[in-house]
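In case you want the letters, here they are:
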Amino acid sequence: MNDTNEKVNGTILLNADDCLLLRDMDERLVSYNIEMTEITGGTFWKEYTPGQIAGTEEFPPLTNLEDVTAMGELMQYYPPIDLSNERLRELAKKLGPAWIRVSGTWATKTYYDFDGSANGKVPDGYASVLTREQWTAFWIL
């Protein structure tokens, strides 16, 4: 860690302007994934506890192997990411140009409500709603 990066409450804050170039890559090969739930909000994998990371705390037993999105003991609610956040947008620009893929198991349970017909309510059979505004905000990163 160089001198311009900080460690605050156990989290390393990176200064993207001071990162060293490790390798030049063809920009056609640079890509990353964003989970659909990060855009729509909803349940997603719980963060590990410090005890689980240290190996001193057990992980909860799995109860529903047929549907990973229904494993309540391993899930928690997260609000949607604020894609208008200027800091997030600046960091994303430093990753580009890049291919960004929005996907994941949760994408198959997402209702794409680009015409507003769901009025913010999740239809039966779906777990979340993706609005035109959320999708458009993502693509103007």
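The rules we used
- Residues numbered from 1 in each chain as written.
- Predicted model: local features only at pLDDT ≥ 70, side-chain atom pairs only at ≥ 80, totals over all residues.
- Heavy atoms only, no water.
- Helix = DSSP H or I, 4+ residues; strand = E, 2+ residues; numbered from the N terminus.
- Buried < 20%, exposed > 50% of the residue type's maximum accessible area, 1.4 Å probe, protein only.
- Contact = heavy atoms within 4.5 Å.
- Areas by Shrake-Rupley, 256 points an atom, 1.4 Å probe, with all protein chains shown as cover.
- Core = buried A, V, L, I, M, F, W, Y, C linked by side-chain atoms within 4.5 Å.
- pLDDT = per-residue confidence, 0-100.
- Polar contact = N/O pair within 3.5 Å; in protein donor to acceptor, adjacent residues only side chain to side chain.

Caption draft 1: Molecular detail of the overall build of the protein chain. The helix and strand inventory of the protein chain stands at four helices and eight strands. Mapped in sequence order, the helices and strands of the protein chain form the string β-β-β-α-β-α-β-α-β-β-β-α. The buried share of the protein chain, taken over its 141 residues, is 23%. Taking contacts inside the protein chain between residues at least 6 apart in sequence as the whole, the part at least 24 apart equals 62%. Of the roughly 10,600 Å² of accessible surface on the protein chain, 55% is carried by carbon and sulfur atoms.

Caption draft 2: Up close: the nonpolar core. Counting residues in each nonpolar core, the largest one holds eight residues, listed as Ile 34, Met 36, Ile 39, Leu 83, Val 102, Ala 107, Leu 130 and Phe 138. Look past the residues within four positions of Ile 34 in its chain and what remains in contact with it is Ile 39, Ile 100, Arg 101, Val 102, Ser 103 and Phe 138. Ranked by size, the runner-up nonpolar core spans five residues in total, among them Phe 44, Met 71, Met 75 and Trp 106.

Caption draft 3: Focus on the confidence of the model for the protein chain. The predicted model of the protein chain has a mean per-residue pLDDT of 81, with 88% of residues at 70 or higher. Looking over the protein chain, one finds the lowest element-wise mean pLDDT in strand β1 (residues 6-8), namely 65, and the highest in strand β7 (residues 110-113), namely 93.

Caption draft 4: A look at the side chain of Gln 52. When you line up the elements, Gln 52 lands in helix α2 (residues 50-54). In terms of polar contacts, Gln 52 uses its side chain to reach the backbone amide nitrogen of Thr 49, at 2.9 Å. If near-sequence neighbours (up to four positions away) are discounted, Gln 52 is found in contact with Glu 47, Glu 57, Glu 58, Phe 59 and Pro 60.

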